Amino acid sequence: MALSDSVATCLSPPVHYVICKLGFEKKDTYDINNILSENGEVCWQAVTEHVCYLKSDQSVDYIKTIRSLGPVCESVNLHFKSLTKEQFVFQYALWFHWTNCTELFLELFDVLQYTQTTEVALGLMKLTSCLERALGDVYLLIGKDCPFLLRDLLASEQLAVVFGRAVMNVLRVFIGSPYGLNLRNVLWHGFASPQEIPAKYCAMLLFLTAGLGQLLQTYLLQTKCILVHRPYVILVSSEELDVFPGKYVIISKFLLCYLNHETLSVAEELIKLSSFVLKAMLPFWMAALTAFKQSRYADCVILLLPQLEVGLRLLFTTTNKCPNRLLTAEVKFLSKVNYDLGMLAKHLDNEEVNQLPAVLEEPAMASILKEFLWDFLNHQEGPRIRDRLSHGEINLEAFPREVANQIVAFAITLLCRFSDEDMFAFKEHVVIKPLMNCASCYRSRFHPISRLKKQVLECMKSIHLWPELPTVPEEHIQTSKGLEGNAEASTLILMIPEIISQLQQYMPQNCCSSDDPINSVLTERLLIALCDTHICTLYSPRPVLEILVVLRKISTQCHQVSEQIIASTELRYKQWMNKTLRSRQRHNYLRMLNSIKFLSPVLRLILVLITLELVNIHLVCKKSPFDYQQYLKFLKSVLQYTENLVTYTSPEKNKWDETMELTNKALIKIRKISDRKLMLMQLAT
C-alpha cells in the first residue's frame, strides 16, 4: 500500500489530542447567556475566566484552558445554529466592520449552518487571515512597525492596551501559539484534514471577532482615534507570472493550454490516482478545483497551497526515510516544516545528503520545482502568494485568475510527475502534455539572478535611445571652443576596444565583429544572448548572493544615469531651440553632448561586464575557491564610479568635464584588473 493511502492523519498524537479530543472532554452544557448579554454584547469577563494559568510563571495553561473552553465553544456554535441569517446580520454585522471584511464573516455563518468540513476549514483559514490583518491595523493605532508573525502580534503590548491582556490570551488559545490549538498554522501548513477541525472552534473565533469589535469601539470613543485600514498589496505584473497562459498561444515552441473544463476533469482523475495526494486530504484538492470552476480564485489557491506543501513533505519524508517529519512537528520544529524546510536543500538537519533531488530523476527537476515554488512563494520581489494570503494582505474578492491559473497548472504537473507508470496515458493526454512541457522549461523570474538579467536588458534599452535624442548639428559640437582635443576622450577611445578584445573570447561568436568592436559587440543582441544562458539558482552559495547585490546596484545606477541623460538632453535641446540658454549653459550643453558620445560605450561595456560576471562567477564560486572579498572590493569600486556618475550627470550638477575624468580613471582600473578577470573566467570554463 502506498504511503499516501496508509496515512490517516498528519497530526502527531499530542496535537491530534489537543485539537480533536481535549475540547470535548467536559460534557457540561454551557449557557450562552453567561457570555452574551441581552443587548448582544460579548461578556468578556465571563470568557476570560476560563483561561487557566500555570502557578510556576503565570503563563497560560493551554491544556486546562482548552478543556474548560470546550463547552463554551459548543454553546456558541449551537447559538449560531439557532439564528436565522437575518437575526445574525442584525445582531453581529456591525461588529465585523472593523475587520474591513464584513461580508466574509457573514458568509461564515452560512458555512456553520451546514457543517461542511472542507468549507469550515477554508472559512477558518480566511477568518484567521483577515483577523490578523485587522489586528495589525489596530496595532498601528499605537505602534509603528507591525509584527510579521501572528504570535508576536497577539503578544504585543499595543494590542493589550486596546483589548486587554486577558482577551489576547483567549485569542492565543485558538491561534498564534504553538502550545494551543494553533488552528491557523495547522491549516495553512496542511497538517489538518477537513474532518479534524471542529466547527465549534470556527464558531468561537467568529464570536470572539465580534467581541473584539465591541471592545475596539469603546477604545476608539475614549481615545477619539480613527482606525485606518492599510491598502491591500497589488500583485506583481501578471505577465511576469504567466508561466501557463490562460489561452491558446504559441510561446517558446510549446502550445500552452488553457485550464478549461476538460483539463480540470483530467485533473480530478489525477487527484484520485496520484501518489502525490494524501487520501485524507483529497477533499481539499477537489474543493480547490471546484472553486476554480466557480471563479473563486482566492479560495482555490488558499485550499491548494497547503496541499502542495503536504505533497512535497510526503515525498521528502518518504525518500529520506523520516516518516515522523510528515506529522505535525513538536513546537521547536513547527515553523520549519514547510516550504522553508529546505525540502530541496542539499543536506538535512543532521548534515546527511537530502535524497529528494536525486529521486526526482531528471537532473533539472529539483531546480525547476524549487525555482517555481520560490518564485511564487518566497522571493522578496515575487508575489509571495502564501505569505500575503495567510497574513491578509490581498483582497480576496479581487484575487487574479492569472495567479490561480499558474498554481493549478503547476499542481497538475506535480500530480502527473508523481504518479505510477500505468498512468502514462494521463501524462500524454492532449491537454496535459503541453503543461508538462511548459513546466519542464521553467526558469526563475524573481531570483536575484533573474532580476539582474531583467535590469541589465532594461538599462541597455534605455541607452539605445540615446542616438534618437534630438541634438544640435554636429558642427556646433566640434567647433565649440574648449571641446576639441579632449585627452580623456582620446584615452577612452583607445581603452574600450582593448578591454573588449580581452573579453571577446568569452562572448558568443555570432555577436562579435572585429571591424567595429564597440558598436558590434556592446549591443543589446549580445546581452540578450548572454542573459539567455541558464544559470541554476538552486543552492546559490553566499558569495554569489553578495556579489549579486553589488551587481544589481551597479546596474541600477547605470540606468539612472541613462534616464538623467535622456531627460537633460531633451530639456536642453528644447531650451536651445527656444534660445533660452545663457552662454555658459550653451557651452555646458555642448560639453554634455560631447561627453555622452563616449559615455554610451562605457555604460554598455559595464553592462556587458556585469552579465559576464553573472554567467561566470556562479561557476567560479562552485568550482574553485578564490578570494571573493578582494573581488567584491573591485566590484564596489565600479559601484562607487557609477554612484559618482549619477551625481555628476544630474540636472543639479552637470559636471561633464569631471564625468570624463572620472570615467577615464574607472576604465584604467578595469583594464588593470583584466588579468584577474580573465583568470576567473578561465576557471569558470
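Quick summary incoming for the structure in this document. (Residues numbered from 1 in each chain as written. Predicted model: local features only at pLDDT ≥ 70, side-chain atom pairs only at ≥ 80, totals over all residues. Heavy atoms only, no water.)

Here we take up unusual backbone geometry. The residue Gln58 is not glycine, and still its phi comes out positive at about 60°. As for its placement among the helices and strands, Gln58 is situated in the loop between helix H3 (44-48) and helix H4 (62-82). We classify Gln58 as exposed; its relative accessible area is 55%. A positive phi angle, close to 65°, is found at Asn100, a residue other than glycine. Mapped onto the secondary structure, Asn100 falls in the loop between helix H5 (85-92) and helix H6 (102-114). Judged by its relative accessible area of 40%, Asn100 falls in the partly exposed class. (Helix = DSSP H or I, 4+ residues; strand = E, 2+ residues; numbered from the N terminus. Buried < 20%, exposed > 50% of the residue type's maximum accessible area, 1.4 Å probe, protein only.)

Formed by 145 residues in total, the largest nonpolar core has its most connected members in Phe80, Phe174 and Phe399. When residues of this core are assigned to their parent elements, the largest contribution, 14 residues, is made by helix H12 (residues 199-223). Counting residues in hydrophobic clusters, the runner-up holds 70 residues, among them Ile566, Leu599, Leu605 and Leu607. (Core = buried A, V, L, I, M, F, W, Y, C linked by side-chain atoms within 4.5 Å.)

Taking 1.5 Å of rise per residue, the 12 residues of helix H14 (residues 282-293) would be expected to cover 16 Å, and the 17 Å separating its terminal C-alpha atoms lies within 8% of that figure. Looking at H14, one finds that the buried residues are Phe284, Trp285, Ala287, Ala288, Leu289, Ala291 and Phe292. Those residues of H14 hidden inside the fold are in contact with helix H7 (117-139), helix H13 (261-273), helix H15 (297-319) and helix H19 (401-417). Downstream of H14 by a residue or two, Ser295 has a phi angle that is positive, lying close to 65°. (Expected span 1.5 Å × (residues − 1). Contact = heavy atoms within 4.5 Å.)

As enumerated under the stated definition, the model contains 20 salt bridges in all. Between Asp110 and Lys85 there is a salt bridge; the shortest N-O distance is 2.9 Å. Taken as a pair, Asp110 in helix H6 and Lys85 in helix H5 lie far apart in primary sequence, 25 residues in all. Overall, the relative accessible area of 28% leaves Lys85 in the partly exposed class. Here Arg388 ties to Glu393 by a salt bridge, and the two come within 3.7 Å at their closest N and O atoms. Glu393 sits in the buried class, given a relative accessible area of 13%. Each of Lys126, Arg296 and Asp299 takes part in a single network of salt bridges with overlapping partners. (Salt bridge = Lys/Arg side-chain N within 4 Å of Asp/Glu carboxyl O.)

Count 3.6 residues to each turn of an α-helix, and residues three or four apart come out pointing the same way. For H6, every residue scored as buried is listed here: Thr102, Leu104, Phe105, Leu106, Leu108, Phe109, Val111 and Leu112. Lining the buried residues of H6 we find H4, H5, H7 and H12. Residue Thr115 follows H6 closely and has a positive phi angle near 50°.

This paragraph deals with the packing of aromatic side chains. Summed over the entire model, instances satisfying the criterion amount to 16 aromatic pairs. A centroid spacing of 6.1 Å and a plane angle of 35° characterise the contact between Phe88 and Phe96, whose relative ring orientation is tilted. Phe88 sits in the buried class, given a relative accessible area of 0%. Members of the aromatic cluster, connected to one another through ring pairs, are Phe80, Phe88, Tyr92, Phe96, Phe105, Phe109 and Phe207. Above the face of the Phe24 ring, Lys200 is positioned so that its terminal group lies 3.7 Å from the ring centre. (Phe/Tyr/Trp six-rings, centres within 6.5 Å; stacked < 30°, edge-to-face > 60°. Lys NZ or Arg CZ within 6 Å of the ring centre and 35° of its normal.)

Right, let's get into the packing of helix H22 (residues 448-463) against helix H27 (residues 542-577). At their nearest, the axes of H22 and H27 sit 9 Å apart, and the two run at 20° to each other. On the basis of the axis angle, H22 is roughly parallel to H27. Crossing angle aside, the handedness with which H22 passes H27 is left-handed. Packed against H22, whose contacting residues are Pro448, Ile449, Arg451, Leu452, Gln455, Val456, Glu458, Cys459, Ser462 and Ile463, the element H27 presents Leu548, Leu551, Arg552, Ser555, Thr556, Cys558, His559, Ser562, Glu563 and Ile566 at the interface. When the residues that make up the contact of H22 with H27 are grouped by side-chain class, the tally is 10 nonpolar, six polar and four charged. (Axes fitted to C-alpha atoms, helices over the stretch in contact; angles between N-to-C directions. Parallel < 35°, antiparallel > 145°, perpendicular 65-115°, else oblique. Left-handed = near helix turned anticlockwise from the far one by under 90°. Nonpolar A, V, L, I, M, F, W, Y, C, P; charged D, E, K, R; others polar.)

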